[in-house]
Amino acid sequence: MEKLQNFIDGQYCAPLKGNYIDNYEPASGKVYSLIPNSDAEDVQLAVDAAEKAFPIWSKMSIEERSSILVKLSEGIEARMDEFVQAESRDNGKPLSLAAHVDIPRAVSNFHFFATAILHYASESHNMEGVGVNYTLRKPLGIVGCISPWNLPLYLFSWKIAPALAAGNCVITKPSEVTPYTAYLLGKVAQEAGMPDGVLNILHGEGGAVGDAIVKHSKIKAISFTGGTKTGEYIARTAAPMFKKLSLELGGKNPNIIFADCDFKEMMSTTLRSSFANQGQICLCGSRIFVERSIYDKFKAEFVDKVAKTVVAHPNNPDAKLGAVVSQSHMEKVLSYVELAKEEGGTVLTGGERVILDAPYENGYYLRPTVIEGLDYNCRTNQEEIFGPVVTITPFDTEEEVLMMANSTQYGLSATLWTSDLKRAHRMANEIDAGIVWINAWLVRDLRTPFGGVKASGVGREGGWEALRFFTEPKNVFVKY
Ligand code: NDP
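Anyway, here's the lowdown on the structure attached to this text. (Residues numbered from 1 in each chain as written. Predicted model: local features only at pLDDT ≥ 70, side-chain atom pairs only at ≥ 80, totals over all residues. Heavy atoms only, no water.)

Remarks on the packing of helix 3 (residues 80-91) against helix 6 (residues 180-192)
One way to put it is that helix 3 packs onto helix 6 with a least axis distance of 8 Å and a crossing angle of 155 degrees. By the angle between their directions, the pair helix 3 and helix 6 is classed as roughly antiparallel. In this structure, helix 3 uses Glu82, Phe83, Ala86, Glu87 and Asp90 to contact helix 6, whose residues at the interface are Tyr180, Thr181, Leu184, Leu185, Lys187 and Val188. For the contact of helix 3 with helix 6, the per-class residue count stands at 6 nonpolar, 1 polar and 4 charged. (Axes fitted to C-alpha atoms, helices over the stretch in contact; angles between N-to-C directions. Helix = DSSP H or I, 4+ residues; strand = E, 2+ residues; numbered from the N terminus. Parallel < 35°, antiparallel > 145°, perpendicular 65-115°, else oblique. Contact = heavy atoms within 4.5 Å. Nonpolar A, V, L, I, M, F, W, Y, C, P; charged D, E, K, R; others polar.)

Side note on the sheet that holds strand 1 (residues 2-3)
In space, the 3 strands of this open sheet follow the order 1-5-4, with mixed pairing throughout. Strands with a single pairing partner mark the edges of an open sheet, and in this sheet they are strand 1 and strand 4 (20-25). Pairing analysis gives 6 bridges linking strand 4 to strand 5 (residues 30-36), with the strands arranged antiparallel. Pairing of Tyr20 across the sheet is with Pro36, part of strand 5. (Pairing = 2+ DSSP bridges.)

Here we look at helix 9 (residues 263-275)
For an α-helix the count is 3.6 residues per turn, leaving residues at separations of three or four pointing the same way. End to end, helix 9 covers 18 Å across 13 residues, agreeing with the expected 18 Å (1.5 Å per residue, within 8%). All buried positions along helix 9 are accounted for by Phe263, Met266, Met267, Thr269, Thr270, Ser273, Ser274 and Phe275. Looking at the packing, one finds that the buried side of helix 9 touches strand 13 (254-257), strand 14 (287-291), helix 10 (295-307), strand 18 (369-372), strand 19 (389-395) and strand 20 (413-417). Phi turns positive one or two residues past the end of helix 9, at Asn277, with a value near 55 degrees. (Expected span 1.5 Å × (residues − 1). Buried < 20%, exposed > 50% of the residue type's maximum accessible area, 1.4 Å probe, protein only.)

What to know about the pairing of strand 11 (residues 219-225)
When you tally the buried positions in strand 11, you get 6 out of 7 residues, the bulk of the element. Two strands pair when backbone bridges link them, and strand 8 (residues 142-146) and strand 11 are joined in this way by 5 bridges, in the parallel orientation. Paired with Cys145 across the two strands is Ser223, which belongs to strand 11. Relative to strand 12 (residues 244-248), strand 11 runs parallel, the two being bridged by 5 bridges. Directly across from Phe224, in strand 12, lies its bridge partner Leu247. Each parallel crossover has a hand, and the one from strand 11 via helix 8 (residues 228-238) to strand 12 is right-handed. (Right-handed = clockwise from strand over helix to strand, strands pointing away.)

Focus: the site of the ligand
Contacts to the ligand come from 32 residues, most closely from Glu176, Thr230, Leu249, Cys282 and Glu384. In the model, an oxygen atom of the ligand is placed 2.8 Å from a nitrogen or oxygen of the Ser147 main chain. In the complex, the protein chains occlude 88% of the 900 Å² of accessible area that the ligand would expose alone. Elements with a minimum of two residues in the shell around the ligand: helix 7 (206-215), strand 11 and helix 8. The biggest single contributor to the shell around the ligand is helix 7, with 4 residues. Of the residues assigned to the shell around the ligand, the class counts are 14 nonpolar, 12 polar and 6 charged. Viewed by domain, the shell around the ligand spans two of them, domain 1 (2-249) and domain 2 (254-438), each represented by three or more residues. (Near = heavy atom within 4 Å. Polar contact = N/O pair within 3.5 Å; in protein donor to acceptor, adjacent residues only side chain to side chain. Areas by Shrake-Rupley, 256 points an atom, 1.4 Å probe, with all protein chains shown as cover. Domains from an automatic or database assignment.)

Distances and angles like these do not, on their own, reveal function.
Below, the structure is given as structure tokens:
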């Protein structure tokens, strides 16, 4: 069976203790490769390599650094098919999604930050007759990037691209559940001419190798995307060490639909915003609020379309949903369907496993699920499920839906459907979220600030925000 390796100091290598963990294929429920079970000793190796590499990388001209990162982006593009196949197999997502979203977006992330750094200017503040201040923006040194399993290479590259562009050396850990495309990236970095030790990719469990990255005193910043509980633990560990922290955490996003919306466009987008990637996108709108006058019409059409949605093997070109990421995640999602029933909800469609024909009968397939009749305040409507499950709830007034939308501990994103311009702006201003889409969903411009409020995170990624995070400003004053 294939054994994945760590990528340290520009070379692939086995974990020092020689321990491995199983990597499952969600589509079949079978183990198909082994992942290094790395620990603090492997992290130390990576830190040693990164320390050696930092003076080389940080002092390289911006043009040279940019050119290596452009090559990295092109290297992924040149191996598009290999990356697409690997992402879909490792995660369970439809091949078409990996081909149209995940891998092209990883290519864009590297390209975007490779070129953004060429235009990254720092400030100067003149004091008339006194002197001038100018601000240097220096790389931090060695930084840690930890990413989740839902959009594996997409979110992995979203962190490491700005970190590298800004001149840092990176020690990074993909989710143990989806390590494969990060593993492939080492080869591309070698081919792109990335100096040894600049990018170090370690595999293994969050509680072991992830924790060792967070705790290492020479790692100056942690950029983390994952669950709110893990983020809380990381903040508790890293904050007393005065590390810079960027935390992109969970969500329970509202999708608010007013009667005056473009119904057809809203319906097709709402199907995607509910179930894309099996509902495993932090930006999915899992709480759907519908104005009462169109509630019955919405419900009838939405439930009908969801019931007809094809759940199939990721390689099937008709698949709209593939497999969810793991057995334990599938069980968690199903347990929330049971909870919803206990809380008085009615399952309008879905709520169960889909068993495919052999040899995929043990794959982790779930039917997309729509639930109604729940109080906005119940656990099903307050806790993140992160699977193909949405609730639908009618509302009568703007004030009421705003109160329900803002009632959770989360505040990542929100979607609004209305043709009333004033209402759209009014609502966007009042919703507790870092990102609001009006008459759209998941339209992304890499220059915009990305992140959430409340328990959805601290800090922002994207554009200058990411480059500011990965640099330290130093003000210099010169007297006239
Ligand atoms: P987790 O928090 O379980 O894991 C995220 C990453 O952290 C993984 O690489 C994990 O490793 C690692 N990790 C776990 N424990 C520790 C630890 N003690 N110290 C250091 N690292 C650790 O999240 P999931 O992977 O389950 O991802 C799903 C979550 O991510 C959802 O809550 C979702 O909302 C959120 N998310 C947020 C986004 C945002 O932009 N706000 C975007 C995408 C997802 P391992 O896999 O080995 O456990």
